Every structure is written in structure tokens, then in C-alpha cells.
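What follows is the residue order along each chain.
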Amino acid sequence: MNDTKPVNPAIIAVAITGSVPRKKDTPAIPVTPAEQIESTHEAYEAGAALVHIHVRDDDENPSSDARRFAQVAEGIRRHCPDIIIQFSTGGRGRSHAERGAALVWGPDMASLATGSVNFPNMIYENPPALIDTLAAEMLERKIKPEIEIFDLSMLYKAAQMVDAGTLATPPHVQFVMGIQNALPVRRQTLEFLLAELRALIPDATWTAAAIGRHQLLVNEWALELGGHLRTGLEDNIRWDKDRLAKSNAELVGRVADLCRAAGRGPASAVEARAILGLPQVG
């Protein structure tokens, strides 16, 4: 029996809900707090060490209701006490003033986009004042940002903030690929971004994420290049072209198998906290 632990285990982040998919698109999408708690628990047992959380209102619209964020986080901590909880501060359907409202509840991490970008049907607005405000609150509350990179300029902005001390080090960066008008799904693009990251912020950790049918391909690239992975129904509601995914846990399980096949293995929540420099639970 071989009990050797894998070298460089890969953190699997699960983005359980997002702002776009609805029950009419897939019955698997968890939109109520109870559904989100249950879906996270299943994904945690399948190998996820980090959960990325959006909340919805009673009509499934994106919400900034801090009470809902708190309810979801409380339930997740009860069932998965050491999983890394990451709140979204994203802007789809949420005003600038509302986007940091839930940070008062002290998640382990929160997303932070460091620039604006054109999405297919909207401008994802992240003006400098908003970026600075969110970053300052995260720094004050000791919430680790996940720097969301949708375009190259956002990486350079993040490096400037690290140099200025407005982002704690070492930072964690996520490259988001496959959204129309933003970063394309090209291996050469990801390799260039990583070369720039190593030159500008050499101690940063990183994840690569992709949308829709590209999700699994970018998971494979991230594994090969030494990064971490994101999956989940926020980004991709399908298992393959022939059927919908049954659950977040099903998507996580497939990625966990990829990690094992690559000799890295999925990081436990304890290992993920050590990799990201987060306090251990208990």
C-alpha cells in the first residue's frame, strides 16, 4: 500500500451558483440558501476545498443581501467546518455600493476584479475607487482577495497594488478565460499570463477558470502548468454536449479524478489553507 502524499496538490474551487444560470436552464443549480449549503457539502465530500458563493433573491435574481450570504456561510461551516469560504463581490445585477456589503461577515476570501471589462451584454464595471474601497476593507478584515483577471491590464493593476501595499502578499490570482471580449481560451495566452505573473508577483498562487465547454480543457492546462482549478455550475452547466451535469459534486468529482491521474491529487481543505496562507480551523 502506497501512502505517499501527492506533491503539489491542486486546490479545487467550486463555484456553486453564480449570477446567470437559473432553474429553467438546469434543475441542478442551487439558488436557495438550503440548496447552496447542501450542494457545497456534496462538493466538499467530492474533493472541493474552496467554495465561491453568490446569492439570489426569491426570484432567482443576483442579490447583495448580506443576511443570505451569512446564512449560507453559517450552514456551510456547520457541515464543512474547514472548507475555504469565498464571497463574490462581482457586479452583475448589483450596485457598487452593495457589492462589499457581505464582507462584514468575515469570509476567508473574497473575489476582487482589478479592472473593468466588456462582457457580451454588459460592462463589468470596476472603477478605481471601487477597487480601492473593496481592497481596503479586505485588508482591514484580513480577508484574502482572489484577484480576478479577465484581461491583461488587470494583472498589471494587481501588481501595482501589491507594490503599493494595498493588497496583502502573497496574493492569489485567478485567470478567467472564455468570456467573449475578454481572455480567449488559448494555451499560449495562459502561458504568457503565467510568465508575466512570475515576473511581476513571483510569490503569487494562481487558478485558471474557463466558461462552458472550455472548462475541462483549462482544468487540464492548469494541472499541467502547476496551478489550481475551478469548476462548478456557475461556469458550466453541462457534463458534455449530450447532457447536463447532475450536480456541482459531479463536476468536482471529475476534476478530482484528473488531479489523481496527474499525480497531484486534490488538496484537502487543510492543505489548501496552508497553500493560500489562510488560518487553519480549530
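Structural notes, computed from the coordinates. (Residues numbered from 1 in each chain as written. Predicted model: local features only at pLDDT ≥ 70, side-chain atom pairs only at ≥ 80, totals over all residues. Heavy atoms only, no water.)

## Focus on the nonpolar core
A general feature of soluble globular proteins is that nonpolar side chains tend to end up buried together. Under the convention used in this document: For our purposes a nonpolar core is just a set of buried Ala, Val, Leu, Ile, Met, Phe, Trp, Tyr and Cys residues, chained together by side-chain atoms within 4.5 Å. The buried label applies to any residue whose accessible area, calculated with a 1.4 Å probe on protein chains only, is under 20% of its type's maximum; exposed applies above 50%, and partly exposed to all values in between. Per the convention used, a helix needs a DSSP run of H or I reaching at least four residues, while a strand needs a run of E reaching at least two, with both numbered from the N terminus. Any two residues whose heavy atoms approach within 4.5 Å are treated as being in contact.
Counting 70 residues, the largest nonpolar core has Ile53, Ile76, Phe150 and Phe175 as the members making the most contacts within it. Among the elements that take part in this core, helix 4 (residues 152-164) stands out by supplying six residues, more than any other. With near-sequence residues (within four places) excluded, phenylalanine 150 lies in contact with Ala113, Val117, Phe119, Tyr124, Val176, Ile179, Ala182 and Leu183. By size, the runner-up hydrophobic cluster in this structure holds ten residues, among which are Leu50, Ala267, Leu276 and Leu278.

## A word on the state of the cysteines
Going by this rule: A pair of sulfur atoms, both from cysteines and within 2.5 Å, is called a disulfide here.
This structure, assessed with the given rule, holds zero disulfides. Unpaired in terms of disulfides, cysteine 259 finds its nearest cysteine sulfur in cysteine 80, a separation of 18 Å. You can call cysteine 259 buried: its relative accessible area is 0%.

## Thoughts on the layout of surface pockets
For the record, the criterion: Two kinds of site are reported from a 1 Å grid over the protein atoms alone, namely cavities, where a 1.4 Å probe fits but cannot get out, and pockets, open sets with protein on both sides within 12 Å along at least five of seven lines, and residues are called lining when an atom falls within 4 Å of a point. Grid points are joined across faces, edges and corners, and a volume is the space filled by probe spheres set on the points. Lys, Arg, Asp and Glu make up the charged group, whereas Ala, Val, Leu, Ile, Met, Phe, Trp, Tyr, Cys and Pro make up the nonpolar group; the residues left over, Gly among them, are polar.
Its boundaries defined by the atoms lining it, the largest pocket holds a volume of some 880 Å³. Breaking the lining of the largest pocket down by element, the ones donating at least two residues are strand 8 (122-124), strand 10 (172-177), helix 6 (215-225) and strand 13 (238-240). The element best represented in the lining of the largest pocket is strand 13, accounting for three residues. Looking at the lining of the largest pocket residue by residue, the classes come out as 15 nonpolar, 15 polar and eleven charged. Forming the boundary of the second largest pocket are 20 residues, of which Asp108, Lys142, Ile143, Lys144 and Leu278 lie nearest the centre. Of all elements in the fold, only helix 3 (128-141) and strand 9 (144-149) reach the threshold of two or more residues within the lining of the second largest pocket. The dominant element in the lining of the second largest pocket, judged by the number of residues it contributes, is helix 3, at four residues. Broken down by class, the residue content of the lining of the second largest pocket amounts to twelve nonpolar, four polar and four charged.

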